[in-house]
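# Overview (structure and organization)
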2 protein chains.
Amino acid sequence: MKTAILGFGIVGSGAYEVLEKAGYEVKKVLDIKPHPELGDKLTSNFDDILNDKEISVVAEAIGGLEPAHTFVVKALRAKKNVVSSNKHLICTYYDELLSLAKDNNVKILFTASAGGGIPWLFNLKRSLCADDIIEVSGIINGTTNYILDAMETSHRLFNDVLEEAKSLGFAEANPSADIDGLDLARKIAISSSIAFNTVVKENQVSTLPLRNITLDDIDYCKTLGKKVKYMSYGIKNDNTLSVFVEPTLIDCNSIEASVSTNNNMVSLYGKNVGKLSFYGQGAGKYPTGHSLACDVIDIITGKASFEYNPKELSVDNNNLKRKYFIRTTSDVSGEIVFKKEQVDNVRYIITNYVSVSSMNRFAKEILLADEFAFIAGFEEK
Amino acid sequence: MKTAILGFGIVGSGAYEVLEKAGYEVKKVLDIKPHPELGDKLTSNFDDILNDKEISVVAEAIGGLEPAHTFVVKALRAKKNVVSSNKHLICTYYDELLSLAKDNNVKILFTASAGGGIPWLFNLKRSLCADDIIEVSGIINGTTNYILDAMETSHRLFNDVLEEAKSLGFAEANPSADIDGLDLARKIAISSSIAFNTVVKENQVSTLPLRNITLDDIDYCKTLGKKVKYMSYGIKNDNTLSVFVEPTLIDCNSIEASVSTNNNMVSLYGKNVGKLSFYGQGAGKYPTGHSLACDVIDIITGKASFEYNPKELSVDNNNLKRKYFIRTTSDVSGEIVFKKEQVDNVRYIITNYVSVSSMNRFAKEILLADEFAFIAGFEEK
């Protein structure tokens, strides 16, 4: 069984090196740019891969929806196994791609699409063989963790750290997918789809932005014994799911609070196994390349498992209630307020229990009145 | 493929429940005590299992060396796959059992033998398919982590917490294997054997005891920005290994420092993947039972990998140097001292870099002069 890699960018070239070094032949690499070091292996024509009977695993590392989607669909229809590191693709076409793999009796694996170098999705799937998952959650975006950690440890402004993250290649020129939560929403949607054997779409994930956090917020939270982390959650309650992405005040002594720089830490809570957490590099050439390569090798060595029989399980963010932290210059009052402190014209509010959906609506109102307000979940334990 | 479980204690009964609930039949259970709930499945005669052609996986959860060793050897010779949660057995007979499995073309898996409910050994092995491991290390004993955490958070004496741990079932009546490091030595020996594809015996692991730690030590270390954790290490340096178990002063902000109660956190450092850490319950009926059950299911579903071609790689603890912390009433002086502080008749010493072996010898001298001295590794980063 030979492999083709689609896209010779950071992840694709990392996976190429890892596979070749481990003794697994990469027969073709698809890229539109010249790569003389690849010699005859390089092609810009996907049909060279599709029509090559020796290639039975296609590793997609192009990113984005097109042409990745077209290529992956063609590969599955041609009964080639697929491996992908592309969260946008997997999240958007989850049901289509997994059904297609099943119908064609091939495998599709995408461990590297959420958690980068961490074998998170792989272990999540493995734990399902003999456990019921009740929650998946954690820090699943390295860029925003880097920003929060740098703000806290070196007391620098959000925008200054963001610019630094851009210059280091951690953040995109347009950082919205990170700091407004879309990247996290896709990863927790994929994680929740696996954990709860269903299909969660990115637009079902309730999301609060991180971008308004200030040094003052971080300092204030510290006085409460809390650190702010940009957390993602998929939680089962009876017969519905709550799936949401929120900056969250977590206990300073929790393991998540100790996650520094651009690392990730994601956890599953199983009825048997309890809390199991996985920590490591959520991005990067060799970590993510290694993760993609391990999926390829699992397929080649016959160790990959693939089952797809999703159940209807609706996402309803009205069903989970938590407390929130709000920092705003506009007035917030009424039943929602559990505790309020005012310093000059700034209100620091801890709310009573509110559903994720209600707070999402309310956050929009607050941000209309005070575009710089910061709203975050508040974990009590 | 059907399974037999040897031993119906905490782990064996946990694995039984997990397997049955997941739809995998346990055909026989070996135990010498009566268990009416098991009906016909219970036997006290191992031959009932050995001679049953339907049973192709034997899950050993008896613990200790005998009769576990005899049963496992017979099972492998009868070409039955073996799964074990028994660190004492695996560590002692590592080469014999893995060779026997290979010769008989069956599998032996033992994820639950180090890390309990954490799929640590499983992931360590998986990462090897495309990476070189340079270090394995972490917190791999729940009892001593519970003691250290309770001493620190509730400022109670070592012996008081140890008694509490005994009453909670976390610690044995004779706690030496935990507080003197033998349990940790076995687990890091097994982890190092896998990580570096060799055979490390428990008596090759250099071990410093935890039992002399006091509240005063914990407070003093806090003034240095450090927490004490009972750490285990397997580190590759060029062509030898250093394998050692030592109380260690680690940075208060490290992820290991945030591991509370009886949890474990173990890490691998891969050339490709960087640091990957695994956190969870290192013991307990359902976590460890789940881990044993997952190994069984991996075998039944054909997903288990098993290769055994160990290399000669000698353990030499002279080759790794680190700093140490020493608290003693006896005098320590000379080149070894980097920093010394004396309060009344108590000396607090940070050493210069010393090899693990040298410090092990020196620790014995110190303890002869001051039987209550506390000696611990000192991590600089």
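Residues numbered from 1 in each chain as written. Chains lettered and ligands numbered in written order. Predicted model: local features only at pLDDT ≥ 70, side-chain atom pairs only at ≥ 80, totals over all residues.

All names here are of chain A. Taking strand neighbours across the sheet as the criterion, the 6 strands line up as β3-β2-β1-β4-β5-β6 in an open arrangement whose pairing is parallel. Each edge of the open sheet carries a strand with a single partner, namely β3 (42-43) and β6 (108-109). With 2 bridges connecting them, strand β5 (residues 81-84) and β6 associate as parallel partners. Counted as the bridge partner of Val-83 is Leu-109 from β6. (Pairing = 2+ DSSP bridges. Helix = DSSP H or I, 4+ residues; strand = E, 2+ residues; numbered from the N terminus.)

Turning our attention to the relation of the copies chain B and chain A. Of the two same-sequence chains, chain B is brought onto chain A (RMSD 0.0 Å, axial shift 0.0 Å) by a rotation of 180°. Taken together, the rotation and translation describe the operation of a two-fold axis. Measuring from the rotation axis to each C-alpha of chain B, the shortest distance belongs to Lys303(B), at 2.2 Å. When the interface residues of chain B are mapped onto chain A, 97% of them are again interface residues, pointing to one common binding face. (Least-squares fit on C-alpha atoms with pLDDT ≥ 70 in both. Contact = placed C-beta atoms within 7 Å.)

Our focus in this paragraph is unusual backbone geometry. Residue and element names in this part refer to chain A. Of the consecutive residues Glu-66 and Pro-67, the connecting peptide bond is found in the cis state with omega at 10°. Looking at the element boundaries, Pro-67 is found in the loop between β4 (55-60) and α3 (68-77). With a phi close to 55°, Asp-344 is a non-glycine residue in the positive phi region. Here Asp-344 shows up in the loop between β15 (337-343) and β16 (346-351).

Counting 249 residues, the largest nonpolar core has Ile5(A), Ala15(A), Ala59(A), Ile5(B), Ala15(B) and Ala59(B) as its most contacted members. Every residue in contact with Ile5(B), bar those within four places of it in the chain, is listed here: Gly12(B), Ala15(B), Tyr16(B), Val26(B), Val29(B), Ala59(B) and Ala61(B). (Core = buried A, V, L, I, M, F, W, Y, C linked by C-beta atoms within 7 Å. Buried ≥ 20, exposed ≤ 12 C-beta atoms within 10 Å, placed from the backbone.)

This part is about the interface of chain B and chain A. Across the boundary between the two partners, chain B contributes 39 residues, which contact 38 residues of chain A. Tallied by class, the residues present in the side of chain B that touches chain A amount to 19 nonpolar, 16 polar and 4 charged. The pairing of strand β12 (residues 274-281) of chain A with strand β12 (residues 274-281) of chain B spans 3 bridges and is antiparallel. Within β12(B), the residue paired with Tyr279(A) across the bridge is Ser277(B). (Nonpolar A, V, L, I, M, F, W, Y, C, P; charged D, E, K, R; others polar.)

Moving on to the environment of Ala293(B). If you trace the backbone, Ala293(B) turns up in helix α12 (residues 285-300). Through-space distance from the C-alpha of Ala293(B) to that of Leu19(B) is 5.8 Å; in sequence the pair is 274 residues apart. In contact with Ala293(B), not counting residues within four places along its chain, are Ala130(A), Ala15(B), Val18(B), Leu19(B) and Ala22(B).

Looking at the element boundaries, Glu307(B) is found in the loop between α12 and β13 (314-315). Residues Glu307(B) and Tyr279(B) lie 28 residues apart in sequence; the distance between their C-alpha atoms is 26 Å.

Residue and element names in this part refer to chain A. Two numbers describe how helix α7 (residues 142-154) lies on helix α8 (residues 158-167): the axes approach to 9 Å, and their chain directions differ by 130°. Between α7 and α8, the crossing angle belongs to the class labelled oblique. The handedness of the crossing between α7 and α8 is right-handed. For the pair α7 and α8, contact is made by Thr-143, Tyr-146, Ile-147, Ala-150 and Met-151 and by Phe-158, Val-161, Leu-162 and Ala-165, respectively. Classifying every residue of the contact of α7 with α8 gives 8 nonpolar, 1 polar and no charged. (Axes fitted to C-alpha atoms, helices over the stretch in contact; angles between N-to-C directions. Parallel < 35°, antiparallel > 145°, perpendicular 65-115°, else oblique. Left-handed = near helix turned anticlockwise from the far one by under 90°.)

Function cannot be inferred from these measures alone, as they are strictly geometric.
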